[in-house]
Structures are given as C-alpha cells and as structure tokens.
Amino acid sequence: MEKPVNAAPIPKNFTMKELKMRDDFLIEKNKQVVLDFNMQVIVAGNRDAFDALMRRDFVNRSAPPGVPDGRESPWNTFENILRPALGNLTVDIHDQIAEGDKVTTRKTINGAHIGPFMGVSATGKPVTINVIDIVRVEQGRYAEHWGINDLASVLARLRNPA
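Residues numbered from 1 in each chain as written. Predicted model: local features only at pLDDT ≥ 70, side-chain atom pairs only at ≥ 80, totals over all residues. Heavy atoms only, no water.

Digging into the sheet that holds strand 3 (residues 102–113)
Read across the open sheet, the five strands follow the order 1-5-4-3-2; overall the sheet is mixed. The open sheet terminates on both sides in strands that have one partner only, identified here as strand 1 (54–60) and strand 2 (86–99). Taking each pair of neighbouring strands and ignoring which way they run, the sheet shows an average axis angle of 25 degrees. With 11 bridges joining them, strand 2 and strand 3 adopt antiparallel strand pairing. The residue bridging glycine 87 from the neighbouring strand is alanine 112, located in strand 3. Of the strands in this sheet, strand 1, strand 2, strand 3 and strand 4 (126–138) touch helix 3 (residues 72–85), which is tilted by about 140 degrees from strand 2. (Pairing = 2+ DSSP bridges. Helix = DSSP H or I, 4+ residues; strand = E, 2+ residues; numbered from the N terminus. Axes fitted to C-alpha atoms, helices over the stretch in contact; angles between N-to-C directions. Contact = heavy atoms within 4.5 Å.)

Structure representation (structure tokens):
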C-alpha cells in the first residue's frame, strides 16, 4: 500500500495493527474532508469553508483547456455557474472509496433549472448531473482534483427537450 502523503512519520514501536488503525483513521478523515466540501461548499456556498478546505497550491487536473486550474476554479464553477442556475441545489453521495491520500466519490448534483445555465435559459425542469471525483487530500485540505461528469448530455437534454 502506498504511504499517504499526509501521513505522520511511523514510530518504530508501532505494531501492524496500530499502523492499520492509523491508516484507517486518516482515510476516514480524508473522506470527511470531501463530504464537508460537498455539503458546505457546493450545497451551502460557504466561502469560509472553501478557504479552510482548499490548499493555496490546489490544482484542478480536469479544468478544460484555457480555463484556470487553480484554487479559484472550483469556487467559480459553484458560485457563478451552478448555484445561480440550479435552485434547491443538493448533492447526493452514492459511493466514497478511499486509499492513501485519495478519495473517489460518485455523486449526483441536483437542482431545479431556474436561471441561465451555460447558454441555456431557465426551463424550470429538474436537473441531475452525475459526477465521479478523485480528490487528493493533503493535511486535511484539497490538493488536487480529477473529475468526470455528464454535464454535456444534461445541457443537450435541456436544449432539446423530447
């Protein structure tokens, strides 16, 4: 197993069971960081929580070409694109799997389409965006992010209702 980047040095007198317990604790702590980010930042729009949960040197590895990939990238997406377009915004976490310093989350972002959304006028329809994120957590903060989503198909459905 890869040693987590944010792990403390291993004391020489630790047993394998104690090491496993420590690793399990760090993994659960990292999963909680990701859950907190989803609820406090994406859903609630809490800027203080965002600042507390993001490293200054954060990199969004999934930022589209030409779009900034630094720490303000996710805030801009949530604050200026998602929240104005989707009323009653919620995030449902379906799965969380963690190993070492990485947490993978399968989730849906849900809301009512109440405002302009990437060039699509409000339709009032429910919107569900399927997302899979991988986040590297370092010292209790987001250090890196990789993600995929079905936003393109969501926008296509909003533009061309059947």
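So much for the structure itself; the text now carries on.
Let's talk about the pattern of salt bridges
By the definition in use, this model includes 15 salt bridges. Between aspartate 101 and lysine 102 there is a salt bridge whose closest N-O contact spans 3.8 Å. The class for aspartate 101 is buried, based on a relative accessible area of 2%. Judged by relative accessible area, which is 30%, lysine 102 ranks as partly exposed. For glutamate 138, the salt bridge is made with arginine 136, and the minimal N-O distance between the two is 2.8 Å. According to the relative accessible area criterion, glutamate 138 is buried, its value standing at 15%. Each of Arg55, Asp57, Arg61, Asp101, Lys102, Arg136, Glu138 and Glu144 takes part in a single network of salt bridges with overlapping partners. (Salt bridge = Lys/Arg side-chain N within 4 Å of Asp/Glu carboxyl O. Buried < 20%, exposed > 50% of the residue type's maximum accessible area, 1.4 Å probe, protein only.)

Let's talk about the side chain of threonine 108
Topologically, threonine 108 is positioned in strand 3. Threonine 108 sits in the buried class, given a relative accessible area of 7%. Within the local environment of threonine 108, its side chain forms a polar contact with the side chain of histidine 94, the two groups lying 3.0 Å apart. What threonine 108 contacts, discounting residues up to four positions off in sequence, is Thr90, Val91, Asp92, His94, Thr128, Ile129 and Asn130. (Polar contact = N/O pair within 3.5 Å; in protein donor to acceptor, adjacent residues only side chain to side chain.)

Points about helix 3
Compared with the 20 Å implied by 1.5 Å per residue over 14 residues, the 19 Å span of helix 3 between its first and last C-alpha is a close match. Of all the bends in helix 3, the largest measures some 30 degrees and sits at phenylalanine 78. Listed as buried for helix 3 are Ser73, Pro74, Trp75, Phe78, Leu82, Arg83 and Ala85. (Expected span 1.5 Å × (residues − 1). Bend = angle between axes of the 7 residues up to and from the residue.)

Some details on the packing of aromatic side chains
By the definition in use, this model includes four aromatic pairs. Arranged with centres 4.3 Å apart and planes meeting at 25 degrees, the rings of phenylalanine 37 and tyrosine 142 form a pair that is stacked. One end of the pair, phenylalanine 37, is in helix 1 (residues 16–43); the other, tyrosine 142, is in strand 5 (residues 141–149), with 105 residues separating them in the sequence. Consider the rings of phenylalanine 50 and tryptophan 75, whose centres lie 5.2 Å apart with planes at 50 degrees: the pair is tilted. A residue pair is termed long-range when its members are at least 10 positions apart, and phenylalanine 50 in helix 2 (residues 47–53) and tryptophan 75 in helix 3 qualify at 25 residues. One exposure class covers both phenylalanine 50 and tryptophan 75, and it is buried. (Phe/Tyr/Trp six-rings, centres within 6.5 Å; stacked < 30°, edge-to-face > 60°.)

Regarding helix 4 (residues 151–159)
Every buried residue of helix 4 is accounted for by Leu151, Val154, Leu155 and Leu158. Here the buried residues of helix 4 occupy an arc of 95 degrees about the axis, which is enough to place them on one side. Contacts from the buried residues of helix 4 go to strand 3, strand 4 and strand 5. (Arc of directions from axis to C-beta.)

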